[in-house]
Amino acid sequence: MNHKLSLGRILFIGYVVLVLLFLILPVLIVVPMSFSDSRFLSFPPSSYSLRWYEAFFGHAGWMSAARTSLIVACATALIATPIGVAAAYAINASSHWIMRYLKIVLLLPLIVPVIIVAAGVFFIYALSGMLHTIPGLIMADVMLALPYVVTAVTAGLHGFDKTQEMVARSLGMNRFRSFMTVTLPQIKPSVLTGAIFAFIQALDETMVALFISGGRNQPLTVRMFTALRDEIDPTIAAISTLLTAGSFALVMMMVLARKQTPA
Amino acid sequence: MLVLMLPAILVVFTLLVVPMGWLFWQSLYAEGGFSLEHYRRIFSEGIYWNTFALTFRISFIVTLLALLMGYPVAYAASILPQRWAMLVLALVILPFWTSVLVRAYAWLILLQRSGVVNQTLMASGITDAPLPLVHNELGTIIATVHILLPFMVLPLYATMQKIPYDLMQAGASLGGSPLHVFLRVFLPLSMSGVLAGMTLVFVLCLGFYITPELMGGGRTVMASMLVSRNIQLYSDWGAASAVSVVLLVCVLAIFYVVGRLISLEKILGAK
């Protein structure tokens, strides 16, 4: 009986380890590939070099795409965070029946298949002349990021004692000031989480950008998608490694921000 | 309070709700008036049927595989000591935060004719010639499972974490074998997580575009690719919007039915 149990245990652990390897190996394999010296994608690479990093940093096209992506991602986080915090605050503070429906409207960008979002935004932009523009990309990403910011901040506000803000107001502060000085510092980790979510989502967004970006204002993801579809260029491995390292750093930041919250 | 909501609502309204209304209207409009022509077409032409059948088949397979792979991982994370549980979760979350394009690229390298997987299979004598693992439906399914697996594990873990350990001990002290306790106590209590995870994976898979486009080799055409092709290649908004509406109705119907059983926030919480 005992023996049978431990065999089952070993099989279970083995299975879980296999699944975890399935999850993590493909992400890690890109790293050695990016340092390969060869055009061919043999693994492990026969010799190592930095040529694919040079190909990325030395190519004006890739660089301008990277710049577009960074501008769009920063602007998205800067716009989506205050708008999202305001909306989350309203959802939390009001018990009006309409809030339930408005909250669902704010979740729609997560619910609607992204191809439909892309087709819709493409149509609106074609009418308003926003196609192939940076502000166009930013607004689309703000819309897609809002559910993440609202969800993160609503969760943060949920654990916050509202009476503290009321005390500040009873002492004569107006609503805005009491929010800024009393509430915001205490929900900072969740606001930061929301902002990072917004940033990563904008950096990672591909589908909508495929429809609405073009010309000089193509983000990195669109260039990568086109490159991947046409031929497998090892430069992608270098970019992939940089992106993975970047998102890993951001996730670490988020974990650290959460740890700072008083339990 | 409504004033604070206004900017966010305005953005979602102009960029999502209004164009969706327009798509809906467009799908019912042909030859200068109201018509069901576009729907008649997509329900009578083989290519549309095949695409929807393929989309649903892939979504079912992916959801099932993700459940079979994700449940034990979430279970392990929920019973392991804190330290090991964090490691398991970190291994699930890191790929979750890696770009879909990066992962598609990794799978293209791994699964190609001379890729690591084929080399290993041939070296171990399982196969003599390289297997066609990519640029087809199989490659699409493998990469899609990889991308959607965290969406299965995270809601499952969130549910399992809340199952009191006392209950399992009570079951064991009443004489149940570990397997029996798992089947009669733990499994039923984890069902809301199973439902949340399956819904999320299935619905996301229905709308997948990037992965089948890159891994499918042009032959694995899923519903969202029909929308894209109709717009970008043929400028056929009628057909594109009819396909969009059918896709959207499927997704909303699934959310509605599942939403009767568990809350929407629970499903979307992990996303």
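Note that the structure is predicted; figures quoted are calculated from it, not measured.

**A look at the overall build of chain A**
So, point 1. When helices and strands are counted, chain A shows eleven helices and zero strands.
So, point 2. In sequence order, the secondary structure elements of chain A are arranged as α-α-α-α-α-α-α-α-α-α-α.
So, point 3. Taking 2.2 N^0.38 as the reference for a compact globule, 263 residues should give roughly 18 Å; the C-alpha atoms of chain A span a radius of gyration of 23 Å, well beyond that estimate.
So, point 4. Projected onto its principal axes, the C-alpha positions of chain A cover 70 × 70 × 30 Å.
So, point 5. Expressed as a percentage of its 263 residues, the buried residues of chain A come to 45%.
So, point 6. Partitioning the contacts of chain A with sequence separation of at least 6, the portion at a separation of at least 24 is 75%.

**Thoughts on the interface of chain A and chain B**
So, point 1. Between chain A and chain B, the contact holds 67 residues from the first and 65 residues from the second.
So, point 2. Mapped by element, the contributors of at least two residues to the side of chain A that touches chain B are helix H1 (2-34), helix H3 (60-93), helix H4 (97-111), helix H5 (114-128), helix H6 (134-158), helix H8 (175-204), helix H10 (220-230) and helix H11 (235-259) of chain A.
So, point 3. With 14 residues, the single largest contributor to the side of chain A that touches chain B is H1(A).
So, point 4. Among the residues forming the side of chain A that touches chain B, the class breakdown is 56 nonpolar, nine polar and two charged.

**Focus: helix H5 (residues 100-111) of chain B**
Residues and elements named next belong to chain B.
So, point 1. Spanning twelve residues, H5 covers 16 Å between terminal C-alpha atoms, matching the ideal 16 Å at 1.5 Å per step.
So, point 2. Burial analysis of H5 places twelve of its twelve residues in the buried class, which makes it a mostly covered element.
So, point 3. Of the positions making up H5, those classed as buried are Val-100, Leu-101, Val-102, Arg-103, Ala-104, Tyr-105, Ala-106, Trp-107, Leu-108, Ile-109, Leu-110 and Leu-111.

**Considering the UniProt feature "transmembrane region" (unreviewed entry) in chain A**
Residue and element names in this part refer to chain A.
So, point 1. As annotated by UniProt and renumbered to match this structure, "transmembrane region" (unreviewed entry) occupies residues 12-35, 70-92, 104-128, 134-157, 178-200 and 236-257.
So, point 2. For the annotated span residues 134-157, helix accounts for 100% and strand for 0% of the residues, and the straight-line distance between the end C-alpha atoms is 33 Å.
So, point 3. Secondary structure content for residues 178-200 is 100% helix and 0% strand, while the C-alpha to C-alpha distance between its ends is 30 Å.

**Quick look at the UniProt feature "transmembrane region" (unreviewed entry) in chain B**
So, point 1. Mapped onto this structure's residue numbering, the UniProt feature "transmembrane region" (unreviewed entry) falls at residues 54-77, 84-108, 138-160, 181-210 and 237-258 of chain B.
So, point 2. Taken end to end, residues 138-160 of chain B is 100% helix and 0% strand, and its two terminal C-alpha atoms sit 31 Å from one another.

**Quick notes on the packing of H3(A) against H8(A)**
Residue and element names in this part refer to chain A.
So, point 1. Here H3 crosses H8 at 140°, and the two axes come no closer than 8 Å. Put simply, H3 runs oblique to H8. As H3 packs across H8, the resulting crossing turns out to be right-handed. In this structure, H3 uses Ser-69, Val-72, Ala-73, Thr-76, Ala-77, Ala-80, Thr-81, Gly-84, Val-85 and Tyr-89 to contact H8, whose residues at the interface are Phe-179, Val-191, Gly-194, Ala-195, Ala-198, Phe-199, Ala-202 and Leu-203.
So, point 2. Split into classes, the residues belonging to the contact of H3 with H8 amount to 13 nonpolar, five polar and no charged.

**What about the UniProt feature "domain: ABC transmembrane type-1" (unreviewed entry) in chain B?**
So, point 1. UniProt records the feature "domain: ABC transmembrane type-1" (unreviewed entry) at residues 52-258 of chain B, using the numbering of this structure.
So, point 2. The span residues 52-258 of chain B is 79% helical and 0% strand by assignment, and the distance between its end C-alpha atoms comes to 21 Å.

Reading the values: rules and limits
- Residues numbered from 1 in each chain as written.
- Chains lettered and ligands numbered in written order.
- Predicted model: local features only at pLDDT ≥ 70, side-chain atom pairs only at ≥ 80, totals over all residues.
- Helix = DSSP H or I, 4+ residues; strand = E, 2+ residues; numbered from the N terminus.
- Rg over C-alpha atoms; globule rule 2.2 N^0.38 Å.
- Buried ≥ 20, exposed ≤ 12 C-beta atoms within 10 Å, placed from the backbone.
- Contact = placed C-beta atoms within 7 Å.
- Nonpolar A, V, L, I, M, F, W, Y, C, P; charged D, E, K, R; others polar.
- Expected span 1.5 Å × (residues − 1).
- UniProt positions renumbered as here; feature names shortened; annotations may be inferred.
- Axes fitted to C-alpha atoms, helices over the stretch in contact; angles between N-to-C directions.
- Parallel < 35°, antiparallel > 145°, perpendicular 65-115°, else oblique.
- Left-handed = near helix turned anticlockwise from the far one by under 90°.

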